[in-house]
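Spelled out from the first residue to the last, the chains are:
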Amino acid sequence: MIRICGDLIELQTRSTTYLMRILAGGQLENVCYGRRIDSLEGCEFISENFDYKLTTLPYADEEHSRCFPERLLYEYPTAGRGDYRTAAIECVYSGNLTALELRYRSSRIFSGKCNAFPAHALADESTQTLEITLADDFARLAVRLYYTVYEEEDIILRSAAVVNESSAAVRLDSAASLCLDFSTDDFILHSYDGAWARERCEETRKLLAGITVIDSKLGCSGNEHSPLVYLEREGFDEVWGVNLIYSGSHRQLAEVSPFGKTRLISGINPSDFEYWLEPGETFHTPEAVLTYSSSIEDAAWNFHRFINKAIIRGRWKDRARPVLINSWEACYFDISAARLSALADKASELGCELFVLDDGWFSTRRNETAGLGDWTVSADVFPQGLASFAASIRQRGMMFGLWIEPEMVNKDSRLYEEHPDWLAAAPGRKPVVCRHQHILDLTRREVRDYLFDSISEVLAQCSADYVKWDFNRTFADCAAGYNYRYVLSLYELVSRFVSRFPDTLFECCASGGNRYDLGMLCFMSQVWTSDDTDLYHRLAIQEGTLAGFPLSTMANHVSASPAHQSLRTSRIDSRFDVASFGLLGYELDLCALSPADSEAVREQIAFYKEYRPVFQYGRFRKLRSRDSSTVWWSVSKDDVTIVMQYVVLNQVHTGRCDRLVLPFAGKDKTYRITKRAVHIDPASYGSMKNAYHRAEGEECCMTVSGSILSTCGVALPPQFMGNGFFPSTRVIADHGTRMYIVKEVR
Ligand code: DGJ
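Per-chain numbering applies: the sequence of each chain, read as written, is numbered from 1 onward. For this predicted model, a pLDDT threshold of at least 70 governs which residues receive local features, and a threshold of 80 or more governs which side-chain atom pairs are given and counted, while totals over whole chains, interfaces and linings are taken from all residues. The side-chain figures draw on all heavy atoms in the structure; neither hydrogens nor water molecules are used.

## Quick look at the nonpolar core
Nonpolar side chains in soluble globular proteins tend to be buried together. Core analysis: the biggest nonpolar cluster contains 185 residues, and Tyr76, Phe355, Trp361 and Tyr586 have the highest contact counts within it. Considering every element that reaches this core, the biggest residue donor is helix α7 (residues 482–500), with nine residues. Here, residues are in contact when the closest pair of their heavy atoms is within 4.5 Å. Setting aside residues up to four positions removed in sequence, Phe355 forms contacts with Ile325, Leu340, Leu343, Ala344, Phe389, Ile393, Met398, Met399, Phe400 and Gly401. Among the buried residues, those of types Ala, Val, Leu, Ile, Met, Phe, Trp, Tyr and Cys that are joined through side-chain atoms within 4.5 Å form a nonpolar core. A simple rule labels every residue: compare its accessible area, found with a 1.4 Å probe on the protein chains alone, to the largest value its type can have, and call it buried under 20%, exposed over 50%, or partly exposed in between. Core analysis: the next-biggest nonpolar cluster, separate from the first, contains 21 residues, Trp633, Val635, Met702 and Ile732 among them. We count a stretch as a helix when DSSP gives it H or I for four or more residues in a row; a strand needs E for two or more, and each element gets its number in order from the N terminus.

## Looking at the environment of Leu402
Summarising the element assignment, Leu402 is placed in strand β23 (residues 399–404). Excluding anything up to four places from it in sequence, Leu402 contacts Leu357, Trp361, Leu386, Val458, Leu459, Cys462, Tyr466, Val467 and Lys468.

## Quick look at the sheet that holds strand β2 (residues 8–12)
Pairing between two strands is assigned when DSSP locates at least 2 bridges connecting them. Judged by pairing direction, the sheet is antiparallel, and its four strands sit side by side in the order β1-β2-β3-β4 without closing on themselves. Strands at the two margins of the open sheet, each flanked by one partner only, are β1 (2–5) and β4 (28–35). Strand-to-strand twist in this sheet, taken as the mean axis angle between neighbours without regard to direction, amounts to 15 degrees. To get an axis, a line is fitted to the C-alpha atoms, and for a helix only the part in contact is used. The angle between two axes follows their N-to-C directions and goes from 0 to 180 degrees.

## Looking at the side chain of Asn269
When you line up the elements, Asn269 lands in the loop between β17 (262–268) and β18 (275–277). At a separation of 2.9 Å, a polar atom in the side chain of Asn269 contacts the main-chain amide nitrogen of Ser271. If we ignore the near neighbours within four places in the chain, the residues touching Asn269 are Asp215, Ser216, Lys217, Ser249, His250 and Arg251. For this analysis, a polar contact is any N or O atom pair within 3.5 Å, provided that within protein one partner can donate a hydrogen and the other can accept it, and provided that sequence-adjacent residues contribute only side-chain to side-chain pairs.

## Regarding the packing of helix α6 (residues 445–461) against α7
Think of two packed helices as two axes; the pair is described by the angle between the axes and how far apart they sit. In contact at an axis separation of 11 Å, α6 and α7 are set at 25 degrees when each is read in the N-to-C sense. Classified by the angle between their axes, α6 and α7 sit roughly parallel to one another. Both α6 and α7 take part in a crossing whose hand is right-handed. Residue-level contacts link Arg445, Arg448, Asp449, Leu451, Phe452, Ile455, Ser456, Leu459 and Ala460 of α6 to Ser489, Glu492, Leu493, Arg496, Phe497 and Arg500 of α7. Of the residues contributing to the contact of α6 with α7, the split by class is seven nonpolar, two polar and six charged. Should an angle lie under 35 degrees it is considered roughly parallel, over 145 roughly antiparallel, and from 65 to 115 roughly perpendicular; all remaining angles are considered oblique. Helix crossings fall into two classes, left-handed where the near helix is turned counterclockwise from the far one by less than a right angle and right-handed where it is turned clockwise. Classes in brief: Ala, Val, Leu, Ile, Met, Phe, Trp, Tyr, Cys and Pro nonpolar; Asp, Glu, Lys and Arg charged; the others, Gly included, polar.

## A few points about the domain arrangement of the protein
Domain boundaries in the protein define domain 1 (2–311), domain 2 (324–618) and domain 3 (621–744). For domain 1 and domain 3, the distance between their C-alpha centres works out to 44 Å. Domain borders in the structure are assigned automatically or taken from a domain database.

What follows is the structure in structure tokens.
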């Protein structure tokens, strides 16, 4: 609901209220955003009153001498007129002027939303959008602020459009998608940081005086800092979450002012940005997604529901995603039709539904130094052609998928020989190299046309059911404003592919999760989370990812032991348990599995298919109890089925009893708790042969009231403590797991 009432503007979702006020001087103030307010009586007392004399602070004019810009809470702050905090917009006009002051001009409410930025959220006509126009009549610049309200999901979508109303070009140096000013300074910032193989691991820090910046200058949303951040108000159950629908360099900035206020800004990173706004032209920022709730877990659920509703689109929206086998860690570049066929035989026998042919299938691509850019099938690998190989996969009852990396070129390629000038690089300067490859200049139409035509031909030839779109290096040598233009060109290219192949399932990848963002998710329904499939590392990576992105977007694979990224050994059942929360795949040489592990995989896939809706579309919750264990739950949409995973991080002899408590269980319901059967290789117990037999007998079947489950919970059987076994003893070593199924009895 959106209401404009005099000088007050109110947005309301199911559980939140967002309140703005137009001040006497025309400034647009953020009054508050938080828990829903049902009566606005007395709301004039919410804002700080400036009934005092502050001789050191500037004010706009004598008429409003008690309105200090430095102490106001703005919707879209500017620089140079008395507010010394970071501005939402910075520009240079009339030669060298930079001061801006935006005053309220008009507002309107309309059905649907503004879709001017190419990667945007969807909304039907029942969704309302508020447009507020602010303007600086001296600079002759206007800013339109957009607020789209997703009532059920408790989401407010924000963006801005900058309009040059003057007769000369204006240089835009920054234009944030969102600014949120808070009246207090007691916040903890949660961000999702890392690098290759440790993407989106949560970091928290208390905000102190000054500026904290979380950003990417990589040219993609990046694995170093996700655009997803939360501010948590210390000591209160209040959390604000922001994510960005953008895939390039971004910046999230939190500033604590000397006057006890906090400002959060999110948008394109100004560090490599500039845009020349011609007279009459409008610049649209990407959209920012905003939510408020009492905990990160609840706020994340708002994001999950919003993403599944308004970001994911096309044939695979809300659909069951296939269990896949990927050739990469099974074969790397050592592929041949015969080897892949053997892998496909085994995969289909065990229940896989999609065979993904990863890197190495084209041109001279026998290793990572050559071939990128030449999108023709290698006759060495596929003497009968790719179409016939794809057909043989379908005969085995699986879908066929293909890896591509369109944005790149190796110097050792025909494409580079023919078009050395197609690189995204500074003319005349030796380009920075990464993984022996270079980024193609997608801002050139002829480059995009070449990629679209050559790759489409292959995809059509083999009727690809799935495409893994990879991107394995970051930007360097680029001119100011280039990254923004590149990202728009990328969206144009991707949308051509998606329209040409509407039934194909596209998965976004970038050396693992280097481009896991809402921009790419507007075009591709899922993302390869991380190249690191070590189950212990994956706990942090998947938890961090789920803080902002739903299970239905997060691809996880069971890979070999020892893990190729960590050399950690683990049981195949534990690897499955962790990988099953999200989109399950296998990425190992299935032909090399022992008969026992093969059997285990067959059972895993059957189990996953049975509970697929819970794993892919359920509500994720977690509990890290001490440092010794982690518990994950996924609750089905209808609340009937709950899958719970228990992971032992570190075996400690505390003698503690593990309890299964489900605070969200229905009090008037009854539940049956069972355990997923596990098979334990006796060899893993060395000389303790008995343990194996007892572990096999580890039974669990309880029928319990929701009232008990949601309060004191039930005791799980005790864990092995170094001596003695009983039939119910749970024998779980470090990084071992157990999966429990809790089902409502009806
Ligand atoms: C990086 C990806 O993250 C991997 O899964 C794999 O596709 C390789 N690229 C192939 O080069």
